[in-house]
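Remarks on the overall topology
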Amino acid sequence: MVNIKKKRRNPSITTSSMSDIGFLLLIFIMLISLMNQRYEEKINYSESTALERTQADSNFEIWIQKNGVISAEGKDLDSVGLERAVVSAIAANPNVRIHVIADRDTPYKYVNSVVGVLQSLQHRVVSFVVKEG
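Please read all numbers here as calculations on a predicted model, not as lab measurements. (Residues numbered from 1 in each chain as written. Predicted model: local features only at pLDDT ≥ 70, side-chain atom pairs only at ≥ 80, totals over all residues. Heavy atoms only, no water.)

1. A look at the overall build of the protein
For the record, the criterion: Only runs of H or I of at least four residues qualify as helices and only runs of E of at least two qualify as strands under DSSP, and these elements are numbered from the N terminus. Remark: exposure states derive from per-residue accessible area (1.4 Å probe, protein chains only) relative to the maximum for the residue type, with buried under 20%, exposed over 50%, and partly exposed in between. Note on contacts: a residue pair is in contact if any heavy atoms of the two residues lie within 4.5 Å. For accessible areas, the Shrake-Rupley method is used with a probe of radius 1.4 Å. Any residue's cover is judged against the shown protein chains and nothing else.
A tally of helices and strands in the protein yields three helices and seven strands. Along the chain direction, N to C, the helices and strands of the protein fall in the order α-β-β-β-β-α-β-α-β-β. Counting all 133 residues of the protein, 23% fall into the buried class. For the protein, long-range pairs separated by at least 24 residues make up 76% of all intrachain contacts whose partners lie at least 6 apart in sequence. By element, 53% of the accessible surface of the protein is carried by carbon and sulfur atoms, the whole surface being about 10700 Å².

In structure tokens form, the structure reads like this:
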């Protein structure tokens, strides 16, 4: 009978793949953060002293530039397109709050046209976004 001694190895965890896992997590987080970017137009906000804060997750934003271009969700819209976009936002979430964001120098007729569309839809939860002044 031959007496064979076995060497016992200490258990170890290989760490060579840890850098790969960390790199993949970094790429995943970067991709997810790019999907959650909010569309904004470059405008000068109107100012107000009385403010009410709203929840950002249930807002539909309508942007009005000073030259009268109306956009929502990154698309330029006419009044019919705006009406369709608002109807689809309300259908997706009946508690949606419409935010009208207009440049300080926007003529009233452009803001009034957006308000007219919202009045024709009889949507009652509308906010005008301003800068605290």
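2. Some remarks on the nonpolar core
We apply this condition: Put simply, buried Ala, Val, Leu, Ile, Met, Phe, Trp, Tyr and Cys residues joined by side-chain atoms within 4.5 Å make one nonpolar core.
Of all hydrophobic cores here, the largest spans 17 residues; its most connected members are Phe60, Ile62, Leu82, Val86, Ile98, Val114 and Leu118. Once you skip the residues sitting within four places of it in the chain, valine 86 turns out to touch Phe60, Ile62, Ile98, Leu118 and Leu121.

3. Remarks on the sheet that holds strand E5 (residues 97-102)
Applicable threshold: For two strands to count as paired, DSSP must find a minimum of two bridges between them. Throughout, an axis means a line fitted to C-alpha atoms (over the contacting stretch in the case of helices), and angles, computed between N-to-C directions, take values from 0 to 180 degrees.
Ordered by their spatial adjacency, five strands build an open sheet running E4-E3-E2-E5-E6, and the pairing between neighbours is mixed. Of all strands in the sheet, those with a lone pairing partner are strand E4 (75-77) and strand E6 (126-128), marking the two edges. When the angles between neighbouring strand axes are averaged without regard to direction, this sheet yields 30°. With three bridges connecting them, strand E3 (residues 70-72) and E4 associate as antiparallel partners. Bridge assignment links serine 71 to a residue of E4, and that residue is aspartate 76. Against the sheet, helix H3 (residues 108-121) touches strand E2 (59-64), E3, E5 and E6, its axis set at about 145° to E2.

4. Considering the side chain of threonine 106
Take threonine 106: it is sitting in the loop between E5 and H3. Judged by relative accessible area, threonine 106 falls into the buried class, the value being 11%. Threonine 106 has contacts with Ile64, Gln65, Lys66 and Val111, leaving out every residue within four places of it along the chain.

5. Comments concerning H3
Let me state the cut-off plainly: Multiplying 1.5 Å by the helix residue count minus one yields the expected span of that helix. As used here, the arc belongs to the directions running from the helix axis to the C-beta atoms.
The end-to-end C-alpha separation of H3 is 20 Å, in line with the 20 Å expected for 14 residues at 1.5 Å each. Of the positions making up H3, those classed as buried are Val111, Val114, Val117 and Leu118. All buried residues of H3 project into a common sector of 115° when viewed along the axis, lining one side. Turned more than 90 degrees off the buried face of H3, the exposed positions are Tyr108, Lys109, Gln119 and Ser120.

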